[in-house]
Amino acid sequence: TIADLEPKPGLPPTSSHLASVLNDVKQKRPNLITLAQYHNDRGARWLSKRAQVPIVKLPYTVGGTPDVTSLHALFDISIKQLLHAVGGHQ
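Caption draft 1: Up close: the nonpolar core. In terms of nonpolar packing, the biggest core is built from 11 residues, these being L5, L18, V21, L22, V25, I33, L35, A44, L47, A51 and V53. If you list the elements that add at least two residues to this core, you get α1 (15-28), β1 (33-36) and α2 (42-51). If you tally residues by element for this core, the top one is α1, at 4 residues. Filtering out sequence-adjacent residues up to four positions away, L22 remains in contact with W46, L47, R50 and A51.

Structure below.
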């Protein structure tokens, strides 16, 4: 983890917080920006565009997306999404 998009859990990021995160991301070069399906992705899209880092929205929990119907599916789908985002095999 390089940084959290939310300055505090549940609070949307401010422009100054995102600028600070962008600085950290440019220095440390992460492979991905991850967030749960239920999060608003506005800040992540802003950061992704400026830092050229892909976003992966993960299901977070069973039922997080329609295709995640079991714990096995949660892990399977999450791993596939992460591998796909970093150029791995599915």
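Caption draft 2: Region of the structure containing the pairing of β1. Bridge analysis of β1 against strand β2 (residues 55-58) gives 4 bridges, and the strand direction is parallel. The partner of T34 across the bridge, within β2, is V56. Taken together, β1, α2 and β2 constitute a β-α-β crossover, and its handedness is right-handed.

Caption draft 3: A look at the side chain of S78. Examined against the element boundaries, S78 turns out to sit in helix α3 (residues 71-85). From its side chain, S78 meets the backbone oxygen of L74 in a polar contact 2.8 Å long. Apart from residues no more than four positions distant in its own chain, S78 is found in contact with L58, P59 and A73.

Caption draft 4: Layout of unusual backbone geometry. Positive phi values are uncommon outside glycine, yet R29 reaches one of about 45°. Mapped onto the fold, R29 is located in the loop between α1 and β1. A residue is classified by how much of its surface remains accessible, and R29, at 46% relative accessible area, is partly exposed. A positive phi angle, close to 75°, is found at Y60, a residue other than glycine. For Y60, the position within the fold is in the loop between β2 and α3.

Caption draft 5: Here's a closer look at the pattern of salt bridges. Counted under the stated rule, the structure contains 3 salt bridges. The partner of R45 in a salt bridge is D41, and the shortest N-O contact between them spans 3.1 Å. For R45, a relative accessible area of 47% gives the class partly exposed. On the basis of relative accessibility, which here comes to 21%, the residue D41 falls in the partly exposed class. Residues joined by salt bridges that share partners form a network here, namely D41, R45 and K57.

Caption draft 6: Looking closely at the environment of L18. Within the fold, L18 resides in helix α1. C-alpha separation for the pair L18 and W46, spaced 28 residues apart in sequence, amounts to 8.4 Å. Setting aside its immediate chain neighbours within four residues, L18 contacts L5, P13, G43 and W46.

Cut-offs applied
- Residues numbered from 1 in each chain as written.
- Predicted model: local features only at pLDDT ≥ 70, side-chain atom pairs only at ≥ 80, totals over all residues.
- Heavy atoms only, no water.
- Core = buried A, V, L, I, M, F, W, Y, C linked by side-chain atoms within 4.5 Å.
- Buried < 20%, exposed > 50% of the residue type's maximum accessible area, 1.4 Å probe, protein only.
- Helix = DSSP H or I, 4+ residues; strand = E, 2+ residues; numbered from the N terminus.
- Contact = heavy atoms within 4.5 Å.
- Pairing = 2+ DSSP bridges.
- Right-handed = clockwise from strand over helix to strand, strands pointing away.
- Polar contact = N/O pair within 3.5 Å; in protein donor to acceptor, adjacent residues only side chain to side chain.
- Salt bridge = Lys/Arg side-chain N within 4 Å of Asp/Glu carboxyl O.

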